[in-house]
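Coordinate analysis (summary)
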Amino acid sequence: MKVVVCNQLGPIEGLVVEERPEPEAAPGQLRIEVEAAGVNFVDILFVGGQYQIRPEPPFVPGSEVAGRVTALGAGVEGFGVGDRVVAMTGMGGFAEVACARADNALLLPDSLPSDRAAGVLQSYATALYALRWRAEISAEDTVLILGAAGGVGLAAIDVARASGARVIAAASSEEKRAACLAAGAEVAIDYTREDLKKRCRELSDGGVDIVFDPVGGPYSEPALRALRWGGRFLVIGFAAGEIARVPLNLALLNRRSILGVDWGAFTGRDREGHRRLLAEIATALGDQTLSPVEPQGYPLRRAVDALRDLSERRVIGKAVLLPKVD
Ligand SMILES: NC(=O)c1ccc[n+]([C@@H]2O[C@H](COP(=O)([O-])OP(=O)(O)OC[C@H]3O[C@@H](n4cnc5c(N)ncnc54)[C@H](OP(=O)(O)O)[C@@H]3O)[C@@H](O)[C@H]2O)c1
């Protein structure tokens, strides 16, 4: 089978396609014929050796896949050969065949094609965990979402919309802002040009209730200042490459809360909570209260292009690799 391999940590251009034997499903695992593999910002960090966890090369990146189950490891219950699933693989997803723990997998509803499903787990789990579990979003809230046309950002729009909240989306281009509006944002602003604090205060009668920040850099502080009394600031990530330093009096003055969102660590620390979160996603995908958007697809051999487009802000929503497309 073909896989995308990282033979040494560094620029994504070092990734190569190689032939490898198909993996066997270990006890508790599913073996999956991959129809689509989600491409995530974290893959760039893994390959560059810039993530908290530094995998030892050679390794196959790719942490989520959608496809058909072809074998069950010993002890697996609740899945059968031929089932369509989406699963967290940890590593190894950029491949024609991958293995995943059965308790990190969900059965897919027929209504959701594999390409749209492949990018769902990380982005929707992060958005749900942040907005519902950490910030306890309600229908009365106005939410400012930064990087709103990114993978996690568009999922956050969908979750906020499904929760009845009002969304102000911030994104860098006209095309991205149009995608945010199509996904359910009420207003979309250009945070690279407009005064974020001033615009948000105007648009929300004095301040937003929640900030969802996967971008960091120069945007975090004005976004924190845009929060009204009692507002909640969700620290998701630092796609801009820089971790903002903010004066803590901004939290004191308006009784604001700064909430860390550690979804990756949470999946390991709280297995029961993780299963509940996955079940929430499965229900919402099944009854279509959440509806992931069409991704940008690339054949497996163009993994570097997909990762480059992501790192250079050219992807709207999710990018996925399609091993069955040449
Ligand atoms: N805390 C958690 O549990 C958790 C879970 C998942 C992901 N994350 C983190 O969340 C962040 C976003 O992930 P994602 O999958 O949504 O990524 P993404 O699809 O690449 O979206 C990130 C967005 O950030 C904006 N951005 C601003 N400056 C950028 C720059 N210099 N380079 C790239 N993007 C830039 C872009 O929007 P504009 O062009 O509109 O500015 C882009 O759409 C990453 O740092 C990821 O590691 C955290």
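Refer to the structure above for everything that follows.
None of these values were measured; they are calculated from a predicted model.

Proteins that are soluble and globular tend to have nonpolar side chains buried together. L131, I157 and L234 are the most contacted members of the largest nonpolar core, which totals 55 residues. Take this core: its biggest share by element is nine residues, from helix α3 (residues 120–134). Residue contacts for I157: discarding those within four places in its chain leaves I145, A148, V167, A169, C180, A183, G184 and A185. Membership of the second largest hydrophobic core comes to 39 residues, among which are V47, V97, A98 and A102.

Further remarks concern the environment of R314. Looking at the secondary structure, you find R314 in the loop between α11 (303–311) and β15 (319–322). By relative accessible area, which is 44% here, R314 ends up partly exposed. The spatial distance from the C-alpha of R314 to the C-alpha of L108 is 28 Å, given a sequence separation of 206 residues. Beyond its immediate sequence surroundings of up to four residues, R314 is in contact with Q296, R308 and D309. Among the polar contacts made by the side chain of R314, one reaches the side chain of E312 at a distance of 2.8 Å.

Under the defined criterion, the tally for this structure stands at one cavity of 30 Å³ or more. Considering only enclosed or pocket space, the largest cavity measures out at about 110 Å³ in volume. Looking at the largest cavity, it is lined by 14 residues, and the ones nearest its centre are S123, Y124, P292, V293 and K318. Listed by contribution, the elements that provide at least two residues to the lining of the largest cavity are α2 (114–117), α3 and α4 (151–162). Per-class residue counts for the lining of the largest cavity are seven nonpolar, four polar and three charged.

The rules behind the values
- Residues numbered from 1 in each chain as written.
- Predicted model: local features only at pLDDT ≥ 70, side-chain atom pairs only at ≥ 80, totals over all residues.
- Heavy atoms only, no water.
- Core = buried A, V, L, I, M, F, W, Y, C linked by side-chain atoms within 4.5 Å.
- Buried < 20%, exposed > 50% of the residue type's maximum accessible area, 1.4 Å probe, protein only.
- Helix = DSSP H or I, 4+ residues; strand = E, 2+ residues; numbered from the N terminus.
- Contact = heavy atoms within 4.5 Å.
- Polar contact = N/O pair within 3.5 Å; in protein donor to acceptor, adjacent residues only side chain to side chain.
- 1 Å grid on protein atoms, 1.4 Å probe; cavity = no way out; pocket = protein on both sides within 12 Å on 5 of 7 lines; lining within 4 Å.
- Points joined across faces, edges and corners; volume = space filled by probe spheres on them.
- Nonpolar A, V, L, I, M, F, W, Y, C, P; charged D, E, K, R; others polar.

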